Structures are given as structure tokens and as C-alpha cells.
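Secondary and tertiary structure notes
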Amino acid sequence: MVSSLTVDRQGFLWVGSREGLFRYDGYTATHFKPEINNEKTISDTDIRNLYEDSEGNIWVSTNTAGLNRYDPSSKKFTRYRHDASDHTTISNDSVYDIIETAEGNYWVGTDIGLNYLDSATNTFKRYYFEKDNPNSISHDYIYNLYIDDNDDLWVTTVGGGINKKVKGEDRFIRHRISEITGDSFHDEVFAIKEAANGGFYLGTRRGLIQYNPQTREVQTVDIEAGEIRPGVVTLATTDDNQLLVGTIERGILRYDKANNRYEPFNSNPLGSAGQLPALPVLALHYYNKKLFVGTWGGGVYVARLGQLPFRVLGNGGDGYRLDNRNVTALYQDNTEQLVGTFGGGAQRLDVNTGAVSEQLATNELFKTEGVLAITQYGDWTYAGTSTGLWQIKDGQGTYYQHSIDDEKSIGNGYINSLVATNEGVWVGTGTDGLYWKNHEDDEFKSFKNKANDPSSLSGYYITTILQSDDNTLWVGTRSSGLNRCRITPWSCQRLGMHNQSRHGLLSDNITHVHQTHNGEVWVATNGAGVYQLVDQSTIQFRAWGEADGLSTNVVTSIQQDDNGVLWLASREGISQLNPKNGNIRNYKAESGLLITHFNRTTTSEDEKNLYFGGIGGVLVIPKATPFITAPEPTVKITGIEKLRTVSKEKQLNQVAQYHTMDYGDVFSVEFAVLDYSEKPHRYQYRMSEEEPWIDLGGRREVTFYNLAPDNYQLAIRGQDVFGVWGETESIDIEVVPPFWMENWFKLLVLIILATLIISLHRLRLSKLKARNKELMALQRQKEKALQDIREKEAELMIAFKGLRNLTNRLETAKEEERQHISRELHDELGQTLTATKINLQVIGALDDEALIKERLDRSISMVDGMIEQVRNVSLSLRPPLLDEAGLVPALEYYLEVIEERTGLVVELKASKGVSGNSHDIRVVVFRVIQEAISNVLRHANASKITISLSVEDEAMCIRIVDDGNGYDINAVNERIKHGEHLGLLGMMERVKGVNGDIKLYSEPGKGSTIEARIPR
């Protein structure tokens, strides 16, 4: 049970009911509940009345728990309760009304007395009915309070009429209405509104009365015979001073001041669609052309007032109701509309009286047909139905239906569109394409889609046909686009999605093609809005759709008004479009529109009106209906929540316009379009006026996280159910940076970074320098290695060359040695042997023993010489003592021979143990010494050689020193590499062959030294 309603200055709806106090933003209802141990909550759930004062506080009158004041800034309630022991408290806890004075104090009415609340002291002064005091209030049961334009307080009571408080005095002037009318129920006054003549409209248990307190005249509202006077408990006035009356028995009535009678607020019966339930109306509140209605048991209802000059025909009572109210075809015929319905045939409708006549055809089958298109030519009326085509004349219909056996019959499927000409009628079918029929013939000519013919129709399902003033036939299809056809010879140009870039038509589902009074062609589509043909020569279309303000892109039919404004019907309502300035106005169920679902191509016009057919009847729109720009909706921020800083602002009445938040905080903003349509809205936001709007779709909350430190101006805008945008007041948001994002910290960090970078740079430079040195060293090593390699290669080449020279020299040496041995054997031994032979031969011939003895002695001497020669040759090749006596004796013998032969002084110094070597080492040592002496004899011109042999660290050490000429050691080494100096080379190879080491020391003129070390 809703007992009170109010809309606060922010636009939020407050609802007082038996179930408690609620605040509603169009999406969410916030329920305020009492808490036993919390005095700052509301005191009761049974709410009588709501009132907003000049400071935005909400005063809540309860039935059993006194008065409450809700402070939106603190979000807390203050309770005012009755205390029998304290006369400065409220007189009773059952509170009915409160009103604020010009001084900021309050009058409070209860069911036991009137109270004056001093806001400075929070104390009450009580006023009661006193039986013996005519200046007291007339009754203690106070129901309603009103302060008029003269700042006088008027008090309505239940049982005592009304009272006027005398200014500056504690007395009242009583006005008992029953004393005038004789009806005691007129003293039960539940509502009061000031009238234009200085009087009042009073809502009483016995209906509405008009009362003039100056003349004490009463006027009751006239009623029809048999009518009852309804109990009036609430009144509301609109912007145009209409008085709306909330009643117990009859819902809401409108008071006709000129005729002093009631008019129904809504012509439909209570409980029907678009009407209130058959329940008592307890509260009315008019706000921004919306009427909020509180009922007993039915909740809250909202109606939008004063917007629509439209009528609906075909949905009345007997004689005024179509056989079926789903209107699918309209055709204007003089003062009547030919109305086709889906399942109810076609009837005539008198647009002036609303009367509905019998069916166009008397055929029983026709009466139940689904009529989708109607046209006329002369006496003929054509009706396209869901099963075929009717040609009607004088109430009799000829029925044409598809026949498989007759190729001249009409095509199969629904007959969706008809266009009559002087010669015949064009018929659009829902399955087989387009047909032509002469008026007088029964044959049909087909025009169909041909797969290999691009000049044929684009599809088979025809939805709409228009023959324009230039004799062009426009044919729309359901899924194959639009066709622009030349009739003779037949040829069609196809328009649609396949060539949208060329022509701009973005849909293949065409619902209606309409030609305006000035010859313009407009095309309605199912899903892509409406299109205006702006260039006839190149066939260019200009689109209008949701982005331009239409409530939907599904447009079912088009009709032009005399003022050039287009009316566009859809499945959500109807819209006005002014092509000159692009302004759009949408009308929907929320506007009070009684028909919102309009059918395809179902429209017509006459001299006075435009007609649109849909589910519910025929909508009549007077021509030249003014284009009134829709008011911007109220869009409010309903809550702000800072998650990290634990700061919440969910109070709808007042949301702060400036907020600070730390960087990294989560900042959530909730908002709502306050049109109370309970339909989805569209929202956008931006953070500054320079930024574009960011679309949120139907989401009514946006959350920001990690906003960069800066100052922002958050603005939200919402699109209401009519497609109109409204914008909130911007909220200033300052995101406070942390210390590490402050400029001083950034500068400090920059300095530190710069220092670090410089240090790192220097460190890197030093490392680079060190690395460069390493690389340079490596480079030098590389170059040295390369040089060494090159030198080694050169040495190797020299060695190879020397090896070849050595090989040649060795071969030469062997040949020389052979020649030497051969010469020794030939020259010495050969001659001696020859002489010996001769001597022996001579001896054979001699007889003289002396001569023989002489010859024998000579031969023996020759043999001794040969033996000596053989010994010398053998010794030069290998001394036998080396194997027989050892190294030192062999050397001593060899050196003696050298001294005897050459006169060279040779000194041998041999330590103990030098003879204890292996055979190979003895040979190597002997040959080294032998070769050294040979070299000295050949080259050194020395007089003395000193040879030292010793054993050191398990190695045989040889030292040979001469006092000869000496030589250039480097030159000698080079020659050795080239295979020269075979003697020295032989010594080196012999020593290296036994893993020894040999060194040569010499300078020109200073003799030479050879040192060798051979492991034992």
C-alpha cells in the first residue's frame, strides 16, 4: 500500500508505504529499515507522508512512530517522538502531514492535534480542539496542511472541515463545509489545492468540491445520473493547470473546470492494458510531465501527460471495434479508411465517428482472411491476403489463388503489396516474385528473378511496391534488397548490400518504399534505419538511424506530414523526423502511445490525418502536428565508491562535486537516467570537455583504476527511452600522486639517475678502456701469433727447403764418402795391391834369394801399409774401441790420432760415470765430438780444443770449446735452416734424436762453444 510519493530536487523517487520507506532511481530501490539499537535509523516501516524541505531534507511521517527527518549530508535520521511527560514533544506518534514555513519552521499534523516545530530549539507547540473555544482548531484529526500564496496556513481535518490559522495569533478560523452543504462527509477533507479564483479544491469523502472561503460558497462537481460521488483522497495539478483527482472507487479522474464535471483520465476500463488496476488511488505526485500514482495494493504507476494529440480507432465498443485489432493494411477512401486485419478480413472505418462497418466482401472466406494489402481502381477494390488476391466489386469478391496446373495464375505465398494503375494492378507475392494483372482479365504475368539475368528482379519475396511519378517501379524484397525497375522494356537495377559503397543502401530487408509530396523517395528497412534518395541520377541514399536519434533501426512504414516532417512507424512506437535539420522525436509506450507495434507498409493519409496500423488498431495523427523537441532527461550520479580509501557515497540526494583520490585507488561511479521507464538506457562518459564521449552501452557504472595523477572533470550522459540525451553535472576529480610521482621526487630521481648513469658510464668507460687494452693485447698477441705463424711458415718453408738441400747434401756427402772410400781403396790399396802383385810375380821369376828376400820385405811393407790404410778408413767410419773399451778410451785414442795427424792440441776432461751410458748415447756423444773437431779443423783455424764430459741430474753434458775464428751464430742458424752446415745440422739432429738439447755459442774472432745435454 503506497500512501505517499515525492520526487526530490535531484529527481529521485521516494515511496512511502506500509512496507517501509524506499528511494528509487529507475533501476534500484533502496529500502530504509529501522534498527532497534540505532537511533539514527528510521523509526517505523508504516509510512503516512513524505515531504522535502528547502534544504533537501526528507521528512517522513509514520503511522505509529512519530516524525523522522532524513539528512542527506549525514545520511542519518533524526526521530521526533511523543512523550506524554514532555509537552514540548510532538502531540502524537501518528503523523499525517508536515509543511515548512517561510521562516524555516514547520507545522506538523497528527491524528491528535496540530504542532508547531521550532527548528532552532527542536521543540513543539501543540494545538488541540477545545470544545468551548471557537478559536481553537475544529478537530484534532489533522490530515493535510497547505500554505497559500498569502503565506496563510490551511489545515484540513477528518470530521471538522478546514481551518485557517490567523497570523501572529494562536487562533483559527473554522470552515465547516457541512454547514453549507448539509453533508457531514464534506467535513472529512483529505486533500486541498488552491484554485485560480482564490478558493480551494477540496478532496472529501463525498467527492471533489470547490470552496471559496471569502464568500463561503461551495460548488460540487456535476455527475451523471446513477454515478456516485467518489471519495477523493489526493489531488495534483499539472503544468497547464489541469486538476487530477485520485479517488477510492474510480481511479484517476480529470476535472473539467469549464463544464464542472469529471472526465476519465484514461478512456480504458480500470484493469485493462494501459490503465490502472481497479484499486484505490492513495497518492498523486506530478513531476516533469510525469504523474506518479500510489495505489492500495498495486504499487506505484507512472503516466506521461500532455504529449500526444493522437487517437486510436478500431478498439472501441460495439460498432467501433474491428473484427481483429491487428491492423495489417490501410487504404484511404474518401472519409473512410479501408482497414485490413490479420484474421479479420477488411472493413470500412469512419475516421470522424470511429464507427466500423461490415466487411468489404460478403464472402464468408474473406471475413477470416489475413488482409495484408488493399488498393482501389474505379469500382474495383483489391485485397491481398495470406492465401491469394481478392478483386471486390459491389460487395462481391473474385478470389485468385495459385494453381500448379495454370501457368497464368497468380504466384504462391502471401500477397504483401498492391499498386493499382489505369491499366491494371501490380501484385507482390511472398514466394514467387512480382505479378501484373489487367483489371478486366483473369491472367497474371510474372516477373521473377532469373539467375543469369542481372536486369531481372533481385529476389522472390516481395515486401513493398511503389510506382513513382516518373513511372519507375520500386520493388522491395525481404532479403534481396531494392529494385529500381523500368516497366517498358522491363529492366531492373538492383540496390542493396552488394553495392552499398556505390549507392549507400545498407540493408537487403526492405519494409516500405514511400514517395513524398515533393517527389522524394524514402526507403524503410528492417535493421538499418530509413534512407532518403538524395541523388536521382546516381542513385545515392542518405541514411537515418539510431545514431541520429531514432529509437530503433527497424522502420516498418513511412508517411509525410504537410509540414514536411516524416512520421516513421516501427515495432517500438512512432517517430518524427525533420529532414531539414535532422531533429528527431520518438513516441513510445512510455509517452502514453497506445499502439507501439506497427506493421509493415500499413499507412495512409487523407486531408486531415495520417494513419498507421498496428497491433491494437489504427493510430490517427492530425496533420501539421507540431514538432516539439523532447526535453532532456534528468541524469544523476547515484553513487560514488572509493574502494581502497574505504570512502562511500551512495546517498542519492547529494553527491559531492569534488573528490580527491590517491593514485592507485579504485574509483567507481554509478548513475541513472531518471525517466522511470524501467527500460534499458544507453550511457557514455568522458573525463574532460575536450575528449570524445566513451560509450558504455547499457552499463550504468564505470570504474576507474590507476588514473594518472591529474585533475579530471567526469561527465556522464544518458539516453532515455525516447533517444534523447541528458547530461550530469560534471564532477571534479583530483588524483593525488604518491611522493614518488611528485616533481621534486622525479627531479631527485633524475639527479640520482644522472649521477648513476654518469658513474656507470665512467665505470663502463674504464671497463671499456681495460677491455680495449685487453683487446689490444689480444690483438698484439694475435698479430704476434700470426707473425709467429708466418715466421713458422717461413721457417717451415725454409726447413722444407733446407730438408731438400739437406737431402741433396746428404746424397752428395754419401757420394763424396763413397768416392773417398773408393779413392782410398783404388788409389792406395789398389796401387799397393798392384805393386804387391807385381813384386810377387817378380819373385816367382827371381832366383836370387837376396832379391827375393828384398822383394818379399817390400811386399810385406806394402801389406803393412795397406793394413794401416784399412785401419784408418775403419777408424774414420767407426772406432772399434767405442764398443770394446768404452766412450772415454775411444775418444782418447781418436783424439791422439787427430793430434798426431793435425798437430791440433786437444784436451779431454771426462768426469767419472760418463762411460756408464747406453750404446746409443755413447755413439751420439762420440759423433758430436767427432763432428765438432771436424768443423774446427775445416773452418776454425784453431790451435786448441777443450772437450768436457760430465754427468749432471741424470743427463750427459758435453762442452766443446775452441779458440778459433768463431762465426755469426744467426747467419749460421739461417744456413742450417736452409740445409747448409751439414756437420752442425747432423750434431743437432743426433742430439734431438735422443731427446737432448744442444746450444751453439760463438762470435766472430772469439772462438766457439758447443754445449749439449743428453738424458741418460
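Read on for an overview of the structure. Bear in mind that the values here come from a model prediction, so they are computed numbers and not experimental data.

Definitions and cut-offs
- Residues numbered from 1 in each chain as written.
- Predicted model: local features only at pLDDT ≥ 70, side-chain atom pairs only at ≥ 80, totals over all residues.
- Heavy atoms only, no water.
- Pairing = 2+ DSSP bridges.
- Helix = DSSP H or I, 4+ residues; strand = E, 2+ residues; numbered from the N terminus.
- Axes fitted to C-alpha atoms, helices over the stretch in contact; angles between N-to-C directions.
- Parallel < 35°, antiparallel > 145°, perpendicular 65-115°, else oblique.
- Left-handed = near helix turned anticlockwise from the far one by under 90°.
- Contact = heavy atoms within 4.5 Å.
- Nonpolar A, V, L, I, M, F, W, Y, C, P; charged D, E, K, R; others polar.
- Disulfide = S-S within 2.5 Å.
- Buried < 20%, exposed > 50% of the residue type's maximum accessible area, 1.4 Å probe, protein only.
- Phe/Tyr/Trp six-rings, centres within 6.5 Å; stacked < 30°, edge-to-face > 60°.
- Lys NZ or Arg CZ within 6 Å of the ring centre and 35° of its normal.
- Core = buried A, V, L, I, M, F, W, Y, C linked by side-chain atoms within 4.5 Å.

In sheet architecture, strand pairing relies on hydrogen bonds along the backbone and comes in two forms, parallel and antiparallel. One open sheet accounts for four strands, arranged E41-E42-E43-E44; its pairing is antiparallel. At either end of the open sheet lies a strand with only one pairing partner, and these are strand E41 (462-467) and strand E44 (491-495). Averaged over all adjacent pairs, the angle separating strand axes in this sheet is 20°, with direction ignored. Pairing of strand E42 (residues 473-477) with strand E43 (residues 482-486) involves four bridges; the strand directions are antiparallel. Within the sheet, the bridge partner assigned to Val475 lies in E43 and is Asn483.

Look at helix H7 (residues 887-902) against helix H8 (residues 919-940): their axes get within 11 Å of each other, and the N-to-C directions meet at 15°. Taken together, the axis directions place H7 and H8 in an arrangement best described as roughly parallel. With respect to the hand of their crossing, H7 and H8 are arranged in right-handed fashion. Residue-level inspection shows Leu887, Ala890, Leu891, Tyr894, Leu895, Ile898 and Thr902 of H7 in contact with H8, the latter providing Arg922, Val925, Phe926, Ile929, Gln930, Ile933 and Leu937. Of the residues that constitute the contact of H7 with H8, the class distribution is 11 nonpolar, two polar and one charged.

Attention shifts here to the pairing of strand E32 (residues 356-359). With two bridges joining them, strand E31 (residues 346-350) and E32 adopt antiparallel strand pairing. Directly across from Leu349, in E32, lies its bridge partner Val356.

What makes a disulfide is a covalent bond joining the sulfur atoms belonging to two cysteines. Under the criterion given, the structure shown has one disulfide. Each sulfur in the disulfide pair Cys485 and Cys492 lies 2.2 Å from the other. Taking the sign of the S-S torsion, about 105° here, the bridge from Cys485 to Cys492 comes out right-handed. A residue is classified by how much of its surface remains accessible, and Cys485, at 2% relative accessible area, is buried.

Across all of its chains, the model carries 38 aromatic pairs by this definition. Geometrically, the ring pair formed by Tyr531 and Phe541 is edge-to-face, given 6.5 Å between the ring centres and 90° between the ring planes. Of the two residues, Tyr531 sits in strand E47 (residues 530-535) while Phe541 sits in strand E48 (residues 540-544), which places them 10 residues apart along the sequence. The class of Phe541 is buried, set by a relative accessible area of 9%. Put simply, the rings of Trp14, Phe32, Tyr70 and Phe77 touch in pairs and so form one group of aromatic residues. For the cation-ring pair, Arg18 lies above Trp296, with the distance from its terminal atom to the ring centre recorded as 6.0 Å. Taking the ring centre of Trp544 as reference, the NZ or CZ of Arg542 above it sits at 3.5 Å.

Counting 41 residues, the largest nonpolar core has Val925, Ile929, Leu949 and Ile960 as its most contacted members. Of all the secondary structure elements, the ones that give two or more residues to this core are H7, H8, strand E67 (944-952), strand E68 (955-962), helix H9 (969-977), helix H10 (982-993), strand E69 (997-1002) and strand E70 (1008-1015). Per-element tally for this core: the top contributor is H8, with 10 residues. Ranked by size, the runner-up nonpolar core spans 33 residues in total, among them Ile640, Val673, Met687 and Leu696.

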